[in-house]
Structure formats: C-alpha cells, structure tokens
Amino acid sequence: MNSITIILESLPNIAFGLFTTLGLVLAALTVGFLVGLPLGVAQVYGGSLVSWCVGVYVWFLRGLPNLVLLFLFSFGIFPLLGLDLPAFFVGATVLGLRSAAYQSQTFRGALLSVDPGQMQAARSLGMTRITAIRSIILPQALRIALPAWSNEYPILLTDSSVCYAIGVMEMLTRASFQVSRTSAPTPIYLATAAIFIMLNYLGMRGLHYIEKRCSIPGFGYR
Amino acid sequence: MMDTVLRVSDLRKSFGSEEVLKGVSFEVRRCDVKVFIGPSGTGKSTLLRCLNRLVEPDSGQVWLGGDEITHESDIDFVRRRMGMVFQNFYLFDHLTALRNVEIALLKVLKMTKAEARELAMFELGRVGMERFADKYPAELSGGQAQRVSIARALAMSPEVMLFDEPTSALDPELTGEVLDVMRSLASGGMTMLIVSHEMEFANSVAGEILFMEGGVIAERGTPGDIFSDDGGSYPRAQAFLSRIMKQA
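Residues numbered from 1 in each chain as written. Chains lettered and ligands numbered in written order. Predicted model: local features only at pLDDT ≥ 70, side-chain atom pairs only at ≥ 80, totals over all residues.

Notes on unusual backbone geometry
Thinking step 1. Even without a glycine there, the phi angle at Ser183 of chain A is positive, about 55°.
Thinking step 2. The topology assignment puts Ser183 of chain A in the loop between helix H8 (171–182) and helix H9 (185–214). (Helix = DSSP H or I, 4+ residues; strand = E, 2+ residues; numbered from the N terminus.)

In structure tokens, the structure reads:
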C-alpha cells in the first residue's frame, strides 16, 4: 500500500474523530467561560477571602499537568464518588476547569484595565455595583479580553489530544488505531497534523471575525 | 428652610494621615450656583465626592432635601438625586452618546425603551449634541464629550448638579461650549455646585464664591466682593487670585 492509499483509507475514520475533538474544545471553552468569568469577576470585585479562594483554585489548576488531572478525575475522584462517567464528559470537564483557571486571569486583567472612572460614573448615576459591573464594566472588559481569550482555542485544540490517555475517541485516538492497523505512522500522523492545523486556522478566522464584529470605534486602541 | 436643597455640616475626610477636609459646612438653596475655587490639593474635589459618597466622609453630615444621607444605607437612591460631571467626562466608552444618556434611565429608573430614547434625545438637544447621538465617545471632541456627560446627568432630573472641574481637561478653545451649557443651566434655575479654575466664568455665573484652602472654606462672598476686593477683607483669596493671574 502506498501512503496516499493509506491516508485515503484511514481518513474517514480519523475525520470522524474530528467531531469528538471539536466537541471537546467547544465544551471546554464553554465550561471555561462559564466558570472563568465569574471567577475573574469575583477575584476583582469580591472581598479578600473570595479573592484568595479564587487564587488557590487558579494556582492548583494551572499548576497541574492536564494528564495528572485527567487521571486523577478519571481513575480517582469520579470512581471514588461512585460515578461512572463517559470519558468524553470527564475530558471536557477537566479541560474546561483548567481552562477556567487561565480564562479567569484573562478576564481579571481585562477588568482591571477598565478605567476606574467608568465605575464612578455609573455609581454616580445611581447604578448598583452589580448593575454597573454588568452593564458598564463587563461589556468593555469582554472586548478588551477577546484577543487574549482567543488563545484558549488553539491551546484547548492541541491539549484535547491528551484525552487519548483516558480513551476518548478523538482524532489522535482514532489515528493511533489506524497506525496499529496499517503500521504506517508517518502518513497517518501527517494527515492528523494537517487536520489539526486546518481546524486551528478556521477557528482563528472565526475568532477574528467575532473580534471585528464586536469592535467599537476608538475603543480598545488606547 | 423649605428651599434648602443641600446642607453640609462639619464634613471631615482623611486619606491616611493626611486630613483633606477639616470640617466643611455650607448650605445650598434652590437655584443657588456656588463655585469653589482655591489651590489644588485643598479638598475641593474630595468635598464634591463626599457629597454623593463616591468618597465616604469620615464624619460630619450631609442633608439632601430633608434627608440625612451620610448614614443612608440606600446610597444608590440618593445618587439619582444628585448629578455629577467629572473632569475627565467618564463617558461609557462602549456606548454611543445616545446610549450613554439612556442607560441609567433604563437600568436605574426602569423606563421603557421608548421613554428613555425620547428623554435622552431631549437632553442631548439641551446641550446641542443631538446630531452626535450615534457617535461613540472616541469620535467626540473633549468639549462634545463633556456636553454629553452633562446631558447624561441631567436626564436623571437631579435636584442638584455637581461639577468637578468640568473644563480642566479641555483644550482652551473647547471650554467655551461647555461653559455656555452650564451658563444656560444656571439661568434656567438649576442648583449647581461647581469646582472650577475658570475665574471669569465664576465671576459671571456664581451666586457665591467659596474659597477653599487647607481643607476648609477659608473665605466666602459674592463674586463682586471677592474679585474686586479693595478693602482687604479677603486676603487669602486675593493672594491666590494674584498668584494665578501672574501665571496667566
């Protein structure tokens, strides 16, 4: 069999894993956003105790390798709790919670970069702190955060392949099955690499589009 | 007492070991225009910020209408009744001029979209900015931005307007348009407290000049008395005025 045939033959199977990989990335991005944004807000606007707790969370999740966390949850914590969860769910949760730690710091930086005068002006009009954060500070902070936040996509996309280790049927898992079947690692891993690069390109294009759509004249270029 | 809008009694504030306000008292009646002048660092801005508690005073009392507000727990409700204009405008950078004026009407006063839009357009009209309703803050000149920020405060129908050096951040050729808006507000009967370095403006618009120095109101009087003081009744204000005239 020549390389072309091998690739053509294996490709449908690997490409099927593309949906699992994208699913992992989107789920982790979403979990990371839904957890990371409140954490960032809490760290900036919460009291010192809240802020300290967020700091500890961030310290732990950023300080541990993905693989260690995956094994810990997959073979340790979840089974101990008597939970028999699908590998995909465990993978998405762990990647998401770890991403939340990183995302919270992106949001924290963005929140801190909003001029304190914006909060003063909002409060002087009678807005509560919560309303001011929601209606004035966050819309600005999210726009400021977007370029840095976009980093999470390629990071999660590439990190998602570690879910191979707990048996999620994502692209790398399927690729290695094909390698065992054909004993032709080079063409198959090259094809897999090409798909990753393509996904990365398309995702970044999408994020740039969002950035453009959300941009406001003169804002964010100070 | 009926028409007393604001009464301030022995207001004090320290930052660390430095006492910035050392007991300030005054009273503001409806339609009063009071201008605070004095060297920088004497607590003028801090005083204004203590009135709506953007800065929490250490002691002393402030009454707004009949309500003592220094211990009022619902400060947000009090702040609706006092408009504030900042030196650096602080327009909401992500919102158009119109949305800047609308947003508190929607979020604080819970107006409907149609009501808020109508009132916001009216207020922009009052400051001559209705043509710029769809512009973002970065697309406005400093003078235009400050006029929008005045409209934003006016839309809340405040009982008193606080101006914290409203023209200090502006290029000299842009101060006129802002001062004109303030003049027309004053002649329309708005109650105003103004911190300003614009002496000509203070002279023409103020009912009373309060000269602050060292955290207290050192001297006070009508503009006529303060600015053309021949009898030497206002030595400290005169010393300050001659200092800044020399610079100019």
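This is not the end of the story, as more comes after the structure.
Section: the interface of chain B and chain A
Thinking step 1. In this complex, chain B contributes 21 residues to the contact, which on the side of chain A involves 20 residues.
Thinking step 2. Where the side of chain B that touches chain A is concerned, the elements lending two or more residues are helix H2 (75–80) and helix H3 (97–107) of chain B.
Thinking step 3. Broken down by element, the residue count for the side of chain B that touches chain A peaks at four residues, all from H2 of chain B.
Thinking step 4. Looking at the side of chain B that touches chain A residue by residue, the classes come out as twelve nonpolar, three polar and six charged. (Contact = placed C-beta atoms within 7 Å. Nonpolar A, V, L, I, M, F, W, Y, C, P; charged D, E, K, R; others polar.)

Examining the packing of helix H4 (residues 87–113) of chain A against helix H7 (residues 152–159) of chain A
Residue and element names in this part refer to chain A.
Thinking step 1. H7 packs onto H4 with a crossing angle of 150° between their chain directions and a minimal axis gap of 11 Å. Here H4 lies roughly antiparallel to H7, going by the angle between them. Here H4 and H7 pass one another in a crossing that is right-handed. Between H4 and H7, the contacting residues are Leu95, Ser99, Tyr102 and Gln103 on the first element and Glu152, Leu156 and Asp159 on the second.
Thinking step 2. When its residues are assigned to classes, the contact of H4 with H7 shows three nonpolar, two polar and two charged. (Axes fitted to C-alpha atoms, helices over the stretch in contact; angles between N-to-C directions. Parallel < 35°, antiparallel > 145°, perpendicular 65-115°, else oblique. Left-handed = near helix turned anticlockwise from the far one by under 90°.)

Section: H7 of chain A
Thinking step 1. The complete set of buried residues in H7 of chain A reads Glu152, Tyr153, Leu156, Leu157 and Asp159 of chain A.
Thinking step 2. The inward-facing, buried residues of H7 of chain A contact helix H1 (3–45), helix H3 (66–80), H4, helix H6 (129–149) and H9 of chain A. (Buried ≥ 20, exposed ≤ 12 C-beta atoms within 10 Å, placed from the backbone.)

Description of the nonpolar core
Thinking step 1. The biggest cluster of nonpolar side chains holds 97 residues, and the ones touching the most others in it are Ala141 of chain A together with Ala151, Leu162 and Phe163 of chain B.
Thinking step 2. Look past the residues within four positions of Ala151 of chain B in its chain and what remains in contact with it is Val101, Glu123, Leu124, Arg126, Val127 and Met129 of chain B.
Thinking step 3. Counting 32 residues, the second-largest nonpolar core is a separate cluster that includes Leu39, Leu70, Ala101 and Met171 of chain A. (Core = buried A, V, L, I, M, F, W, Y, C linked by C-beta atoms within 7 Å.)

Observations concerning the pairing of strand S4 (residues 59–64) of chain B
Residues and elements named next belong to chain B.
Thinking step 1. Both strand S1 (residues 4–15) and S4 contribute to a ladder of five bridges, which runs antiparallel. Bridge pairing in S4 links Ser9 to Gln61.
Thinking step 2. As paired elements, S4 and strand S5 (residues 67–68) share two bridges and run antiparallel to each other. In the sheet register, Leu64 faces S5, and the bridge partner there is Asp67.
Thinking step 3. Counted between consecutive antiparallel strands, the loop separating S4 from S5 contains two residues, among which Gly65 sits at a positive phi close to 60°. (Pairing = 2+ DSSP bridges.)

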